Protein chains: 2
Amino acid sequence: MGMGEEAMTGTLYGLGVGPGDPELLTLKAHRILKACPVVAYPAPDTGESFARSIVAEFLSPYQVEIPIVVPMRTERFPAAEVYDKAADEIAAQLDAGRDVAVLCEGDPFFYGSFMYVFERLGGRYSTEIVPGVSSIMASAAAAKRPLAARNDVLTVLPGPLDDDELQARIMISDAVAIMKVGRHLPRIRALIARLGLTGAAAYCERVSLGEEKIVPLESLGAETAPYFSMILIYRGGEEWIRTLAAGGASDAA
Amino acid sequence: MGMGEEAMTGTLYGLGVGPGDPELLTLKAHRILKACPVVAYPAPDTGESFARSIVAEFLSPYQVEIPIVVPMRTERFPAAEVYDKAADEIAAQLDAGRDVAVLCEGDPFFYGSFMYVFERLGGRYSTEIVPGVSSIMASAAAAKRPLAARNDVLTVLPGPLDDDELQARIMISDAVAIMKVGRHLPRIRALIARLGLTGAAAYCERVSLGEEKIVPLESLGAETAPYFSMILIYRGGEEWIRTLAAGGASDAA
C-alpha cells in the first residue's frame, strides 16, 4: 500500500475497555475513543451491549455506531457471516478516511471478540491494538489474592473445555483461572469438587461493577452464571478462602 | 477494627501502572495517584525506579515519596528486611491518617511486587488493589497476535523455572508467555530451539515504550535481556512470525 493511499484511509483501533468499571479504561483508550468518529462493538440480539455500556458516558451523539449483533446464547463461535458483514461496514468507514474504534470487553487479544474483526481487516488497514485491564487481573484484585507470585505457574483455561482436559491441567498448576464459565458452571463445579479443590476456589462475576460477586465456590447457591464469569483456583488457597468467606475481600469496596 | 478507628487511618492502595506507557494507566489509578499524599514504589539500588518513571509526569512535589530499594541484580526474592522496613514506613503514614499509593509495574497481583507490601499490611489496613494492564496483554497487542482465542489454553511461566519444568509445560500448551526472562535468555532460547519452536516464538522488551522491541526470537542477536522481558510462543504460529519479521507488527506504531 502506497503512502498516499494509506493517508486517505482511516486507522482501525482495537480498544480494550476493561472488565466493567468505566474508570478501568486506560487514558489511551479514553483519548482514542473520544477522537474516533466511528465506534463498533459486539452486542447481543436482545438487550444492551456490555462493551458499549462500559464506555457509554464517554460517547457523543455525533459518533456513528456499528453494533455487531452476535447471538450470545449459543456458546459456539460467532457466526462468520455476522463478522463478515461487520467487517464490510467497518471497511467502508475506513475507506472513507474515518478512524474506527472497535470496543472489546477486557483486553482485545485475551479471548477478546476483537480478533474476529482483526483477522478480517488487520492485514488490510493500519491497525493499533490498545491493551486493556483483563478480568483475570480485576478478579484477583477484587478477591484480594495475588493471581500469580514468585515462580507460580498460572494456567488460563476456557470453561468450554471438556472435563478430562480441565482436570489434567488443573492438577498440574499452582494457580488456575477458568474463563467463560457461563452455562458450564454445574459441570465445572462438580469437577472441582471431585478434585477436592472446592475449598481453594472462588467464583467471580461482574467484577469491578457495583453488583460484583466474589464468593467462595462452596458458598455459591444453585444460580446460573453469566457468560463473563470466572473461577479462580489456588492450590493451597484454603486460608484465603476462609478470609474471603469472612468478608475479607470486600471490606474496602 | 471499629468504625472510628478505621476513619482515622489511611487507605493502602496497590496501583497497577501498566507496562510502561504512561497513557496505559487507568483513569482510576490516575485519579487515586493524584489524590494520595504518599507514594511508595520499588527502586533499584542504582538508577531510576521504573514504576516511578511511568507516572513521573503525574506526581506533584507535595507528595511524600517512599522508595523501596530492592537490589534488582539478584534474581532471588526481595530480602524480607527491605520490605519489613518499607512496611513500617508505610504503616506510619497510614497510622497518621494519610492514604498511601504503592506503585506496581503492570498489575499488582500478577507477579507484582505489591504482594510483598500486601502480605505485611493487607490484613491490618483498609486496602484496595487497582488492577493494571499487564505486560502480557501489552506484548500481544504490540506483536499483533491474539494471546489466547477461542478455546486456547494459555500457560504463564516464570523464566527462572528449570528446563525440565519449562519444557513439559510448553509442550502441552497452545500459547505460552514466559515472564521475567532476564538473565535466563540464553538457556530458555536453547530450550525453545531444542523443542523446534524457535520459529513460533517472539521476544518482547520495553513494550509500549518508545524503545519497544518485538522481534522473532530467531532474529534476536546475542544481547542480554532486561528483567522485564518476555517470550511469547504460539504453537503453529510460524506464519505470524514471518509477518512480524517482515515488519507487520510495528507498521502502525
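Residues numbered from 1 in each chain as written. Chains lettered and ligands numbered in written order. Predicted model: local features only at pLDDT ≥ 70, side-chain atom pairs only at ≥ 80, totals over all residues.

Q: Talk me through the relation of the copies chain A and chain B; I want residue IDs and the actual numbers.
A: These two copies of the chain differ by a rotation about an axis and a displacement along the same axis. Superposing chain A onto chain B takes a rotation of 180° combined with a translation of 0.0 Å along the rotation axis, leaving an RMSD of 0.0 Å. Look at the turn and shift together and you get a two-fold axis relating the two. Taking C-alpha positions as reference, the residue of chain A nearest the rotation axis is T26 of chain A, located at 2.0 Å. In this assembly, 98% of the residues forming the interface of chain A have copies in chain B that are likewise at the interface, indicating an isologous arrangement. (Least-squares fit on C-alpha atoms with pLDDT ≥ 70 in both. Contact = placed C-beta atoms within 7 Å.)

Q: Can you tell me about the sheet that holds strand 5 (residues 127-130) of chain B, naming the residues and giving the values?
A: Residue and element names in this part refer to chain B. The strand order across the open sheet formed by 5 strands is 3-2-4-1-5, and the pairing between neighbours is parallel. Both edges of this open sheet fall to strand 3 (64-69) and strand 5, since each of them pairs with a single strand only. The mean inter-strand angle of the sheet, taken between neighbouring strand axes irrespective of direction, is 20°. Contacts from helix 4 (residues 80-95) reach strand 1 (12-16), strand 2 (38-43), strand 3 and strand 4 (100-104) within the one sheet, and its direction differs from that of strand 3 by about 165°. (Pairing = 2+ DSSP bridges. Helix = DSSP H or I, 4+ residues; strand = E, 2+ residues; numbered from the N terminus. Axes fitted to C-alpha atoms, helices over the stretch in contact; angles between N-to-C directions.)

Q: Talk me through the nonpolar core; I want residue IDs and the actual numbers.
A: Across soluble globular proteins, you tend to see nonpolar side chains buried next to one another. Counting residues in hydrophobic clusters, the biggest one holds 166 residues, and the most contacted among them are V102 and L232 of chain A together with V102 and L232 of chain B. The contact partners of L232 of chain B, leaving out residues within four places of it in the chain, are S139, A140, A143, A177, A201, A202 and C204 of chain B. (Core = buried A, V, L, I, M, F, W, Y, C linked by C-beta atoms within 7 Å. Buried ≥ 20, exposed ≤ 12 C-beta atoms within 10 Å, placed from the backbone.)

Q: Can you explain helix 4 of chain B? Please cite residues and give values.
A: All names here are of chain B. A rise of 1.5 Å per residue sets the reference length of helix 4, with its 16 residues, at 22 Å; its end C-alpha atoms lie 22 Å apart and thus fit the reference within 8%. Of all the residues in helix 4, the buried ones are Y83, A86, A87, I90, Q93 and L94. Looking straight down helix 4, one finds its buried side chains confined to an arc of 120°; they lie on one side. Across helix 4 from its buried face, at more than 90 degrees, point the exposed residues E81, D84 and D88. G97 occupies a position one or two residues after helix 4 and carries a positive phi of about 90°. (Expected span 1.5 Å × (residues − 1). Arc of directions from axis to C-beta.)

Q: Any chance you could break down the interface of chain A and chain B for me, citing the residues and the numbers?
A: Tallying the contact residues gives 48 residues for chain A and 47 residues for chain B. Among the elements of the structure, helix 2 (27-35), strand 5 (127-130), helix 6 (135-143) and strand 6 (154-158) of chain A are those that each provide at least two residues to the side of chain A that touches chain B. Bridge count between strand 6 of chain A and strand 6 (residues 154-158) of chain B: 3 bridges; the pairing is antiparallel. Looking at the pairing, T155 of chain A lines up with T155 of chain B of strand 6 of chain B.

Q: Describe the environment of A101 of chain B, naming the residues involved and giving the relevant values.
A: Inspection of the secondary structure assignment puts A101 of chain B in strand 4. The sequence separation of A101 of chain B and L157 of chain B amounts to 56 residues, and the corresponding C-alpha distance is 28 Å.

Q: Outline the environment of A96 of chain B, supporting the account with residue identities and numerical values.
A: You can see A96 of chain B is positioned in the loop between helix 4 and strand 4. On a C-alpha basis, the gap between A96 of chain B and A51 of chain B in space is 25 Å, while along the polypeptide they are 45 residues apart.

Q: So what's going on with the sheet that holds strand 3 (residues 64-69) of chain A? Which residues, and what values?
A: Residue and element names in this part refer to chain A. Taken together, the 5 strands give an open sheet; going across it, the order is 3-2-4-1-5, and neighbouring strands pair in parallel fashion. Taken across any chain shown, the strands that pair with only one partner, and hence form the sheet edges, are strand 3 and strand 5. Across this sheet, the average inter-strand angle for adjacent strands is 20°, counted without regard to direction. The pairing of strand 1 (residues 12-16) with strand 5 spans 4 bridges and is parallel. Along strand 5, the bridge assignment pairs Y13 with E128. Packed onto the sheet, helix 4 (residues 80-95) meets strand 1, strand 2 (38-43), strand 3 and strand 4 (100-104) and runs at close to 165° relative to strand 3.

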